[in-house]
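Spelled out from the first residue to the last, the chains are:
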Amino acid sequence: MPACPDSEVRHSRPVTASRRTWLLAALAGAGLPRWAMAQSPAPELWPRHEAVPGGVARLDLGPAGMPPAAWADDAPLLVVGDVIAWTALVGIPLAARPGEARIRVRQAEGERELPYPIAPKRYTEQHLKVSPRTVDLSPEDLARHERERTHQQQVIATFSAPPAGELRMRAPTAGRRSSSFGLRRFFNGQPRNPHSGMDIAAATGTPVVAPLPASVIDVGDYFFNGRTVWLDHGGGLLSMMCHLSRIDVRQGDRLAAGERLGAVGATGRVTGPHLHWTVSLNRASVDPALFLDS
Ligand SMILES: [Zn+2]
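These numbers come from a predicted model, not from an experiment.

(A) Here's a closer look at the sheet that holds strand β8 (residues 125-128). Spatially, the 3 strands line up as an open sheet ordered β8-β10-β11, and their pairing is mixed. Of all strands in the sheet, those bounded by a partner on one side alone are β8 and β11 (190-191). Note: strand β10 (residues 184-187) against β11, 2 bridges, orientation antiparallel. For F186, the partnering residue across the bridge sits in β11 and is P191.

Put into structure tokens, the structure is as follows:
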């Protein structure tokens, strides 16, 4: 029976643990292969649902024997859950316009579009005074920045096997967490891109750890971001740690959650030592706070 598109917008509602166990047992009894029984962690261990620019939407894809494939524009999406209820975790870009958005879902029956609403969120303005050299770039600095931006776009498109464990993260360093994500920034009066991560104030040398199990996919010293480590948590979920004073890992290293990767510093364009932490999901920078317990 055809349904009106709005009725397809269902946020993942919890299936009780006992009912889930019963359903999975029933499916096992029906002779379903073992791969179909694969389970992601419970929804309490996923990022919180906040369908706003810079947020994460949890979109219910319904039951299916195999995980559906899904995309937002051309970016593949992280799909979690099990045969009873698959869920797409969709990173919403800060630049997204409030209103109806769509993802593309491919299942055995074919491909469909799934609309969902993005609610407005107004982020506050931040005015900063910085060295004129970092606002009015020299031709050499500009060329360097453009090379680095192209490189970063390649890194951010990384999509590996989805994470098997929980998706709630631990804070990557001990320090005061600012609510600076999404601030609309002005450097010396000139408008710039919104702030795409969380700043955590800590002294130079404070250890920085992996917020989830990860592969190190990029290590570098960049014009704006300073010494930087990119982590791949799987399924298009990445962390970027910037302004480090030192880096203790190399590309290709595997890290457990909580394992040290470097130390807080003040490299790149900064006003003082802190960790800048970006969380990227399907190539969109989203609020890291949605992945933290408090
Ligand atoms: Zn920052």
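(B) Structural view of helix α3 (residues 139-156). Between the first and last C-alpha of α3 there are 25 Å, a value that for 18 residues agrees with the 26 Å anticipated at 1.5 Å per step. Considered for burial, the residues of α3 that qualify are D141, H145, E148, V155 and I156. Down the axis of α3, the smallest arc covering the buried residues is 80 degrees, so these residues share one side. Turned more than 90 degrees away from the buried face of α3 sit P139, R147, Q153 and Q154, all of them exposed.

(C) The confidence of the model for the protein, seen in detail. Per-residue confidence for the protein gives a mean pLDDT of 88, with 85% of residues at or over 70. In the model, residues 1-14 has pLDDT below 50 throughout and makes 20 contacts with residues more than four positions away in sequence or in other chains. In the predicted structure, residues 33-37 sits below a pLDDT of 50 and forms 8 contacts with residues beyond four places in sequence or in another chain.

(D) Just the sheet that holds strand β3 (residues 75-76), in detail. Spatially, the 4 strands line up as an open sheet ordered β3-β2-β6-β7, and their pairing is antiparallel. Bordering the open sheet on either side are β3 and β7 (110-118), each of which pairs with just one other strand.

(E) Fine view of the pairing of strand β15 (residues 226-234). Burial analysis of β15 places 8 of its 9 residues in the buried class, which makes it a mostly covered element. Where strand β14 (residues 214-222) folds back onto β15 in an antiparallel hairpin, the turn is made up of 3 residues. One ladder, built from 6 bridges, connects β15 with strand β16 (residues 237-244); its direction is antiparallel. When the bridges of β16 are listed, L231 appears paired with S239. The turn joining β15 and β16, which pair antiparallel and follow one another in sequence, is formed by 2 residues; a positive phi near 65 degrees is taken by G235.

Criteria and thresholds
Residues numbered from 1 in each chain as written. Predicted model: local features only at pLDDT ≥ 70, side-chain atom pairs only at ≥ 80, totals over all residues. Heavy atoms only, no water. Pairing = 2+ DSSP bridges. Helix = DSSP H or I, 4+ residues; strand = E, 2+ residues; numbered from the N terminus. Expected span 1.5 Å × (residues − 1). Buried < 20%, exposed > 50% of the residue type's maximum accessible area, 1.4 Å probe, protein only. Arc of directions from axis to C-beta. pLDDT = per-residue confidence, 0-100. Contact = heavy atoms within 4.5 Å.

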